[in-house]
Amino acid sequence: GRPINRIFHTCWSLMITLSVCGAIAQSMSIDDGLRNALRTVDTVCTLMFTIELLFKLTCCPHRCAFVKRAYTAIDFAVIFMGYVELVESDHTSTPVVMLMKTQAPILRLLKIARHSSGWRLLVISMGRCREPLLIPLYLLVLMVTFTGSLMFWTEQNFGCKGDDCLLEDVAAFISIPHAMWFIVVTVSSVGYGDVTPHTVPGKALASLQIVAGVCYMAMPLSIIGNQFGTVWQDRRRVLVLDKLRSTVGGKFDIESMRQIFHLYDDANGEITFEKFEQIVDSLDLGLMGRDVRDLFGAVDVDGSGNISFPEF
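Residues numbered from 1 in each chain as written. Predicted model: local features only at pLDDT ≥ 70, side-chain atom pairs only at ≥ 80, totals over all residues. Heavy atoms only, no water.

### Some remarks on the overall build of the protein
- In terms of helices and strands, the protein carries 12 helices and zero strands.
- Starting at the N terminus and ending at the C terminus, the protein contains elements arranged as α-α-α-α-α-α-α-α-α-α-α-α.
- The globule rule puts the C-alpha radius of gyration for 312 residues at 20 Å, and the 28 Å found for the protein is more than 25% above it.
- Taking the principal axes of the C-alpha coordinates as reference, the protein spans close to 95 × 60 × 30 Å.
- The 312 residues of the protein split such that 34% are buried. (Helix = DSSP H or I, 4+ residues; strand = E, 2+ residues; numbered from the N terminus. Rg over C-alpha atoms; globule rule 2.2 N^0.38 Å. Buried < 20%, exposed > 50% of the residue type's maximum accessible area, 1.4 Å probe, protein only.)

Structure follows, in structure tokens:
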């Protein structure tokens, strides 16, 4: 069934891509005939998404866990937005409806991303980065608060005051939050240029902040990069564990692992390579040939050619 699954997923992804392109194109000035055709395509896609969700709810063995998943919420949101767009016209659209229309394409693209092993690895990597990123986040708050306040004081005290002052000589920042906005833009190395210090001391302080911002950005980027590199090197095992967690409906303990193991073990209480291939194939991880054998070798610690339960 693997070729059929690939064909189905390819066609399904193409349909989602077509619906995304249609939703984006409808925001442009296009011919009424083409707009009506795109709306028809959008209606068909919404109906297909509805049927897909109904099938999932009917066939899912763990409905409670399935409904609580973030991707299920995305499915409901995509379907809801599709039906709202059917009953709302362009002339009666409210700001809320317009917001839903603009966010519909990205939510539909997430329906494709859920089947991507690369996307799952990225989500897992970002999940592991949450705790380490709290340290640079706290440092950022300190930096923005301290430097923003100091920048505001510098501009207010060294800037020109009076009715005869030129615009480029007066204080550049009207409040501490205004100066903090400048610090955030500077630290992130974006540099919008909408506001800049006017005084010499303010420019000197901004120069120091630019250098500090470059050093600071290396910290969170290295945390994210290292975590993703670690996950990528161990991607096969990470994908199997992630898929097993979703298969058992969120409950993932030693007993759940034992039940899965006994579904495929032989009379000797071990899993052969052929049985292991069936496990990988049933999880729909997209691993084939050498990847499956490398994963089997990583699990088969003693190199016996079979996997025991402790190894599993």
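From this point, things continue past the structure.
### Comments concerning the pattern of salt bridges
- Going through the model one piece at a time under the given rule, you end up with five salt bridges.
- Residue R108 is joined to D42 by a salt bridge in which the shortest nitrogen-to-oxygen separation is 2.6 Å. Here R108, found in helix α5 (residues 95-113), pairs with D42, found in helix α2 (residues 32-59); they are 66 residues apart in sequence, far enough to count as distant.
- When its relative accessible area of 2% is taken as the criterion, R108 is described as buried.
- The exposure class assigned to D42 is buried, which follows from its relative accessible area of 5%.
- Of the charged contacts, one joins E52 and K111 as a salt bridge, the two residues approaching to 2.9 Å between their closest N and O atoms. Here E52, found in helix α2, pairs with K111, found in helix α5; they are 59 residues apart in sequence, far enough to count as distant. Across the pair, K111 and E52 agree in class, each one buried. (Salt bridge = Lys/Arg side-chain N within 4 Å of Asp/Glu carboxyl O.)

### Some points on the packing of helix α7 (residues 176-187) against helix α8 (residues 200-233)
- At a minimum axis separation of 8 Å, α7 and α8 run at an interaxial angle of 50 degrees. Between α7 and α8, the angle is such that the two are oblique. Here F182, I183, T186 and V187 of α7 lie close against α8, whose contacting residues are A206, Q209, I210, G213, Y216 and M217.
- Classifying every residue of the contact of α7 with α8 gives seven nonpolar, three polar and no charged. (Axes fitted to C-alpha atoms, helices over the stretch in contact; angles between N-to-C directions. Parallel < 35°, antiparallel > 145°, perpendicular 65-115°, else oblique. Contact = heavy atoms within 4.5 Å. Nonpolar A, V, L, I, M, F, W, Y, C, P; charged D, E, K, R; others polar.)

### Focus: helix α12 (residues 290-299)
- Among all positions of α12, only V292, L295, F296 and V299 are buried. Buried positions in α12, seen along its axis, are confined to an arc of 100 degrees and lie on one side of it. Within α12, the exposed residues directed more than 90 degrees away from the buried face are R290, R293 and A298. (Arc of directions from axis to C-beta.)

### Comments concerning the packing of aromatic side chains
- One pass over the structure, following the stated rule, counts six aromatic pairs.
- Between W153 and F158, the ring centres sit 6.1 Å apart and the planes meet at 80 degrees, which makes this aromatic pair edge-to-face.
- Centroid distance F228 to W232: 6.3 Å. Interplanar angle 20 degrees. Geometry classified as stacked. One end of the pair is F228 and the other is W232, both in helix α8 and four residues apart, which spans about a single turn.
- Here the aromatic cluster, defined as three or more aromatic residues joined through ring pairs, consists of F8, W12 and F49. (Phe/Tyr/Trp six-rings, centres within 6.5 Å; stacked < 30°, edge-to-face > 60°.)

### Some details on the side chain of Q209
- You can see Q209 is positioned in helix α8.
- Looking at Q209, the relative accessible area reads 5%, which means it is buried.

### Quick look at the nonpolar core
- In this structure, F49, I74 and L107 are the most contacted members of the largest nonpolar core, which totals 21 residues.
- When contributions to this core are tallied by element, the ones reaching two or more residues are α1 (2-25), α2, α4 (70-87) and α5.
- Contacts of I74, omitting those with residues within four sequence positions, involve L107 and L110.
- If you look at the next biggest cluster of nonpolar residues, it comprises 17 residues, including M257, F296, V299 and F312. (Core = buried A, V, L, I, M, F, W, Y, C linked by side-chain atoms within 4.5 Å.)

### A word on the environment of L109
- Looking at where L109 falls in the secondary structure, it is placed in helix α5.
- It is 46 Å that separates the C-alpha atoms of L109 and N268, two residues lying 159 residues apart in sequence.
- Once you skip the residues sitting within four places of it in the chain, L109 turns out to touch I16 and V20.

### Regarding the confidence of the model for the protein
- Confidence in the prediction of the protein, expressed as mean pLDDT, is 83, and 91% of residues score 70 or more.
- α7 holds the highest mean pLDDT among the elements of the protein, 94, whereas helix α9 (residues 235-247) holds the lowest, 72. (pLDDT = per-residue confidence, 0-100.)

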